[in-house]
Amino acid sequence: YVNGQHQVTLAIRFPDGQFAGKEVSDTVRLIDLAPTLVEYFQLDWDNSFDGKSLFPLMRGEKEEQLREVYIETGMSEQNYWPEGHRVYSYKRIAERYWIRPDNHWVMVRDEFLPELLSGKDRIMQMGDWKLTWRPMEEAEPIIQLFNHKEDPENRLDVSFQNPVRTAYLGMKLWPY
């Protein structure tokens, strides 16, 4: 399973030059950006976050709990689909959306939502491990486990050698 669109660089430039040139190799999420900025600017923020501050990683600290990184594909991942992957019935992506007149939010049309949700590949990555779930048209989904550190191209499925880890990441993926 190729990383495709979800492996991108996140760069932060702090006004005071703090951590200039620091590189963090851990996988992080966009939801980690808000708590990082709140901590940096020492903002009063009473609400909770789904993300976690990046400061421990930037300081070189090892986190006690691995970050759960949930990833799902968009509509443009056909280059990565195996034969028999579930396909979408609509051809023009723009047909899926409408704009709410009250707030101008772009929304998925209700009639497309079930098909959209059932056709996405889903991934749960924690530390060096990545579990992929790929929906198929006429068969059970393809579930694979990769050691992202030892196999960065995600070519060697090690799910059968690691059934407990596969089940654990599968349970972490289930709520999504």
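Note that the structure is a prediction, hence the values are computed from the model and not measured.

1. A word on unusual backbone geometry
Its identity as a non-glycine residue notwithstanding, phenylalanine 19 has a phi of 65°, on the positive side. Mapped onto the elements of the fold, phenylalanine 19 is located in the segment before α1 (33-40). Overall, phenylalanine 19 belongs to the partly exposed group, its relative accessible area being 22%. Positioned with a positive phi, glutamine 42 is a non-glycine residue whose angle comes to about 50°.

2. Some thoughts on the pairing of strand β1 (residues 69-72)
Here β1 shows a clear split, with Val69 and Ile71 buried on one side and none of Tyr70 and Glu72 buried on the other. Of the pairings in the sheet, the one linking β1 to strand β4 (residues 122-126) comprises 4 bridges and is antiparallel in character. Among the inter-strand pairings, valine 69 is bridged to a residue of β4, identified as glutamine 125.

3. Some remarks on the sheet that holds β1
Neighbouring strands of a sheet are bound in pairs by backbone hydrogen bonds; such pairs are parallel or else antiparallel. Here 4 strands make up an open sheet; going across it, the order is β1-β4-β5-β6 and the pairing antiparallel. Both edges of this open sheet fall to β1 and β6 (142-147), since each of them pairs with a single strand only. Neighbour to neighbour, the strand axes of the sheet diverge by 15° on average, direction disregarded.

4. So, the packing of aromatic side chains
Aromatic ring pairs are defined here through the distance separating the ring centres and the angle between the ring planes. Counted according to the given criterion, the structure contains 8 aromatic pairs. Where tyrosine 40 meets phenylalanine 55, the ring centres are 6.4 Å apart and the plane angle is 0°; that geometry is what we call stacked. Here tyrosine 40, found in helix α1, pairs with phenylalanine 55, found in helix α2 (residues 55-58); they are 15 residues apart in sequence, far enough to count as distant. By the burial criterion, tyrosine 40 is buried, and phenylalanine 55 matches it. Three or more aromatic residues joined by ring pairs make a cluster, and in this case those are Phe14, Phe19, Tyr40, Phe41 and Phe55.

5. A word on the environment of leucine 173
In this structure, leucine 173 sits in helix α4 (residues 163-173). In this structure leucine 173 comes out as buried when scored by relative accessible area, which is 8%. In the structure, leucine 173 is positioned 42 residues away from leucine 131 in sequence and 8.4 Å away in space, judged by C-alpha atoms. Once residues lying within four places of it in the same chain are set aside, the contact partners of leucine 173 are Tyr70, Arg122, Ile123, Met124, Leu131 and Trp133.

6. Quick word on α4
Within α4, the full set of buried residues consists of Thr166, Leu169 and Leu173. The buried residues of α4 occupy an angular sector of 75° when the element is viewed end-on, so they sit on one face. Facing away from the buried side of α4 by over 90 degrees, the exposed positions are Pro163, Val164 and Met171. Of the surrounding secondary structure, the elements contacted by the buried residues of α4 are β1, β4, β5 (129-134) and β6.

The rules behind each value
- Residues numbered from 1 in each chain as written.
- Predicted model: local features only at pLDDT ≥ 70, side-chain atom pairs only at ≥ 80, totals over all residues.
- Heavy atoms only, no water.
- Helix = DSSP H or I, 4+ residues; strand = E, 2+ residues; numbered from the N terminus.
- Buried < 20%, exposed > 50% of the residue type's maximum accessible area, 1.4 Å probe, protein only.
- Pairing = 2+ DSSP bridges.
- Axes fitted to C-alpha atoms, helices over the stretch in contact; angles between N-to-C directions.
- Phe/Tyr/Trp six-rings, centres within 6.5 Å; stacked < 30°, edge-to-face > 60°.
- Contact = heavy atoms within 4.5 Å.
- Arc of directions from axis to C-beta.

Note that every value here comes from positions in space, so none of it alone points to a role or purpose.
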